[in-house]
Amino acid sequence: MRMNKRHEGQEIINMCKWMASVGLIVGVVLFLLIFIASAYNKDYFLTIISLGIIGTSMFMFVFGLFMGLLTETYHRGPRENV
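What counts, and at which threshold
- Residues numbered from 1 in each chain as written.
- Predicted model: local features only at pLDDT ≥ 70, side-chain atom pairs only at ≥ 80, totals over all residues.
- Heavy atoms only, no water.
- Helix = DSSP H or I, 4+ residues; strand = E, 2+ residues; numbered from the N terminus.
- Buried < 20%, exposed > 50% of the residue type's maximum accessible area, 1.4 Å probe, protein only.
- Contact = heavy atoms within 4.5 Å.
- Areas by Shrake-Rupley, 256 points an atom, 1.4 Å probe, with all protein chains shown as cover.
- Phe/Tyr/Trp six-rings, centres within 6.5 Å; stacked < 30°, edge-to-face > 60°.
- Polar contact = N/O pair within 3.5 Å; in protein donor to acceptor, adjacent residues only side chain to side chain.

Visitor: Any chance you could break down the overall build of the protein chain for me, citing the residues and the numbers?
Guide: Secondary structure assignment for the protein chain yields two helices and zero strands. Residue burial in the protein chain is summarised as follows: out of 82 residues, 20% are buried. Excluding contacts between residues fewer than 6 apart, the proportion of contacts in the protein chain whose partners are at least 24 apart in sequence is 67%. As displayed, the protein chain has an accessible area near 6700 Å², and 71% of this comes from carbon and sulfur atoms.

Structural data, given as structure tokens:
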């Protein structure tokens, strides 16, 4: 199945947007649950994991946005940019 060249970058952006939003939701929920059950988290290992999930999700969004924009501008011809 071949993607339409016009909307290929938009599909990459949407995919990374969904992945980043799910990661942010999981990371924030885990981070909030850690502070509610603080007796379980004595060495702050779960805090580091939740902040890592949040940071990775933000990096994935920025990387996906960059790749989507790069794909859209690469498929345009030199006369379409004018």
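Visitor: I'd love a proper account of the environment of Ile48, names of residues and values included.
Guide: Relative to the assigned elements, Ile48 resides in helix α2 (residues 45–75). Here Ile48 falls in the exposed class, since its relative accessible area comes to 58%. Between the alpha carbons of Ile48 and Phe31 there is a distance of 9.0 Å; along the sequence they are 17 residues apart.

Visitor: Please set out the packing of aromatic side chains residue by residue, giving values where relevant.
Guide: The tally for this structure, following the rule as stated, stands at one aromatic pair. With a centroid separation of 6.2 Å and an interplanar angle of 15°, the aromatic rings of Phe59 and Phe63 are classed as stacked. Taken as a pair, Phe59 and Phe63 lie in helix α2 at a separation of four residues, close to a single helical turn. In this structure Phe59 comes out as exposed when scored by relative accessible area, which is 57%.

Visitor: So, the environment of Gly55: which residues are in play, and what are the values?
Guide: By secondary structure assignment, the location of Gly55 is in helix α2. The exposure class assigned to Gly55 is partly exposed, which follows from its relative accessible area of 29%. Sequence separation between Gly55 and Gly23 is 32 residues; the distance between their C-alpha atoms is 9.1 Å.

Visitor: Before we move on, can you summarise the side chain of Ser50 with the specific residues and values?
Guide: Within the secondary structure, Ser50 sits in helix α2. Here the side chain of Ser50 touches Thr47 through a polar contact of 2.9 Å, landing on its backbone oxygen. Ignoring anything within four residues of it in the chain, the contact list for Ser50 reads Gly27, Leu30, Phe31 and Ile34.

Visitor: Describe the environment of Gly23, and please don't skip the residues or the numbers.
Guide: Note that Gly23 resides in helix α1 (residues 8–36). As for Gly23 and Ser50, which are separated by 27 residues in sequence, their C-alpha atoms are 9.6 Å apart. Leaving out residues up to four positions away in the same chain, Gly23 has contacts with Ile53 and Ser57.

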